[in-house]
Amino acid sequence: MSQISEAKRIVIKIGTSTLAYATGRINIRRFELLCKVLSDLKNSGREIVLVSSGAVGVGVAKLGLPERPKDIPGKQATAAVGQCELMYLYDKLFLEKNHKVAQILLTRDGFEQPQRRQNMKNTFDRLLSLGAIPIVNENDTVATEELEFGDNDTLSSMVAALTEADALIILSDIDGLYDSDPHKNPDAKLIPVVDQIDSHIEEIAGGSVSGLGTGGMSTKIQAAKIAGKAGVTMAIINGSDPNLLYDLLDGKTVGTVFTAGK
Ligand SMILES: Nc1ncnc2c1ncn2[C@@H]1O[C@H](COP(=O)(O)OP(=O)(O)O)[C@@H](O)[C@H]1O
Ligand SMILES: N[C@@H](CCC(=O)OP(=O)(O)O)C(=O)O
């Protein structure tokens, strides 16, 4: 699979900053549009796996906390509250378009142990053949890597490899990979295609500055490496307009596409 437009099985990763306002509360307009576009892509014959962050962010809003907890147990408890709300919203919005969702909470060690890996794969395979949309997040009660180091980016690439997806699309708060962080350098230029992830690419990809997202560009580059090794084409596009997914899958030049590893 060389062209992203040909992708049948697609993993889509959504970060907290795409789902929520800077206040931490859900961006209802965007959330609704996203579920509509994904439902439509599914209707067109594509298989969708969603990796969604946002449990902590949604939990903060639901519990009425003044800010994101700083301690790990606080984040874990907030994520447990927020995860329910997140799935409630997905369930409701996808059901309106006649699609069923399934919650999958994963930990990294599951990918490493052969039996658990197989169990995970069996579940994904069956859900996809049943026509459901698996919605994945880290199991923040069991593992705290994402809460500590903050990223569902690499988790999404591991899911893409496990499910033998054709493409991984990461929705971010920025248009794609730039030659330096645009939040620090207003003259930064977008890089539309990355054929090879070399030390230069790793150097220009910095961390997150938003306070909502956590991984920044560096975890997305790690994700691109994992995806590339598994033969999965990866793209980073701006999540602020979910309609961009149509453009990307129509073959238009959008965001940054990583062809590395092909
Ligand atoms: N070279 C770069 N190109 C683009 N963004 C970069 C780069 N280096 C660091 N970043 C930062 O990465 C952020 C996106 O990652 P992150 O904050 O985790 O958000 P999200 O959860 O939406 O993916 C950008 O807003 C930007 O500040
Ligand atoms: N499991 C946590 C992960 C947080 C996380 O990775 O956030 P992001 O950097 O927005 O993808 C949550 O759902 O809040």
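Scroll up to find the structure this text is about.
Keep in mind that this is a model prediction, so the values were computed, not measured.

A. Representation of the layout of surface pockets within the structure. In this structure, the second largest pocket spans a volume of roughly 230 Å³. Forming the walls of the second largest pocket are 15 residues, and the residues nearest its centre are Q3, I4, G251, K252 and V257. Classifying every residue of the lining of the second largest pocket by side-chain character gives six nonpolar, eight polar and one charged.

B. Fine view of the environment of E32. Tracing the backbone through its elements, the reader meets E32 in helix α2 (residues 28–43). Of the residues examined, E32 reaches a relative accessible area of 42% and is grouped as partly exposed. Taking the C-alpha atoms as reference points, E32 and Y90, 58 residues apart in sequence, are found 9.0 Å from one another.

C. Expanded view of the pattern of salt bridges. Inspection of the entire model under this criterion finds ten salt bridges. Notably, a salt bridge pairs D125 with R9, separated by 3.9 Å at the nearest N-O pair. Of this pair, D125 sits in helix α6 (residues 114–129) while R9 sits in strand β1 (residues 9–14), and the two are 116 residues apart along the sequence. By relative accessible area, R9 is classed as buried at 17%. In this structure, the salt-bridge partner of E85 is K62, at a minimum N-O distance of 3.2 Å. In this pair, E85 is assigned in helix α4 (residues 72–96) and K62 in helix α3 (residues 55–63), connecting sequence segments 23 residues apart. A residue is classified by how much of its surface remains accessible, and E85, at 21% relative accessible area, is partly exposed. Here the salt bridges do not stand alone but share partners, grouping R9, E47, K121, D125 and E164 into one network.

Cut-off values and rules
- Residues numbered from 1 in each chain as written.
- Chains lettered and ligands numbered in written order.
- Predicted model: local features only at pLDDT ≥ 70, side-chain atom pairs only at ≥ 80, totals over all residues.
- Heavy atoms only, no water.
- 1 Å grid on protein atoms, 1.4 Å probe; cavity = no way out; pocket = protein on both sides within 12 Å on 5 of 7 lines; lining within 4 Å.
- Points joined across faces, edges and corners; volume = space filled by probe spheres on them.
- Nonpolar A, V, L, I, M, F, W, Y, C, P; charged D, E, K, R; others polar.
- Helix = DSSP H or I, 4+ residues; strand = E, 2+ residues; numbered from the N terminus.
- Buried < 20%, exposed > 50% of the residue type's maximum accessible area, 1.4 Å probe, protein only.
- Salt bridge = Lys/Arg side-chain N within 4 Å of Asp/Glu carboxyl O.

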